[in-house]
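Given next are the chains, with one letter for each unit.
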Amino acid sequence: MFATLKRTAKLFSLPTQAERDLAYLNEAGDRYDLEARERNLSRRNLNRTLGL
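Residues numbered from 1 in each chain as written. Predicted model: local features only at pLDDT ≥ 70, side-chain atom pairs only at ≥ 80, totals over all residues. Heavy atoms only, no water.

Asks: Where do I start with the overall build of the protein chain in this structure?
Replies: A count of helical and extended segments in the protein chain gives three helices and zero strands. Along the protein chain, helices (α) and strands (β) appear in the sequence α-α-α when read from the amino end. If you line up the protein chain on its principal axes, its C-alpha atoms span 45 × 30 × 10 Å. For the protein chain, with 52 residues in total, the buried portion stands at 6%. On the protein chain, roughly 4,800 Å² of surface is accessible, and the fraction owed to carbon and sulfur atoms is 61%. Counting 10 positive and 7 negative side-chain charges, the protein chain places the centres of these two groups 8 Å from one another. (Helix = DSSP H or I, 4+ residues; strand = E, 2+ residues; numbered from the N terminus. Buried < 20%, exposed > 50% of the residue type's maximum accessible area, 1.4 Å probe, protein only. Areas by Shrake-Rupley, 256 points an atom, 1.4 Å probe, with all protein chains shown as cover. Lys, Arg positive; Asp, Glu negative; His and termini not counted. Charge placed at Lys NZ, Arg CZ, Asp CG, Glu CD.)

What follows is the structure, encoded as structure tokens:
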């Protein structure tokens, strides 16, 4: 019974920011694309901490 409730709750939960970032990085086609995506995430995180 609890397993069914857990599965149901998981269906309605949204992915965390870390999970979305990891999925974004996993879509990179090559090393250069991955590096560009990492820079993009770093800039975004820096802007968030600075309040921009």
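Asks: What is the right way to look at the packing of aromatic side chains in this model?
Replies: The geometry of an aromatic ring pair is captured by two quantities: the separation of the ring centres and the angle between the planes. The final tally for this structure, using the stated rule, is zero aromatic pairs. Stacked on the ring of Tyr24, the Lys or Arg Arg37 has its end atom at 4.6 Å from the ring centre. (Phe/Tyr/Trp six-rings, centres within 6.5 Å; stacked < 30°, edge-to-face > 60°. Lys NZ or Arg CZ within 6 Å of the ring centre and 35° of its normal.)

Asks: Please explain the packing of helix α2 (residues 17–26) against helix α3 (residues 31–50) as it appears in this structure.
Replies: Any two packed helices are characterised by how steeply their axes cross, that is the angle between the axes, and by the distance between the axes. Running from N to C, α2 and α3 cross one another at 155 degrees; their axes reach a closest spacing of 9 Å. Of the possible angle classes, the one that applies to α2 and α3 is roughly antiparallel. Mapping the contact onto sequence places Gln17, Asp21, Tyr24 and Leu25 in α2 and Leu34, Arg37, Glu38, Asn40, Leu41, Arg44 and Arg48 in α3. A per-class count over the contact of α2 with α3 returns four nonpolar, two polar and five charged. (Axes fitted to C-alpha atoms, helices over the stretch in contact; angles between N-to-C directions. Parallel < 35°, antiparallel > 145°, perpendicular 65-115°, else oblique. Contact = heavy atoms within 4.5 Å. Nonpolar A, V, L, I, M, F, W, Y, C, P; charged D, E, K, R; others polar.)

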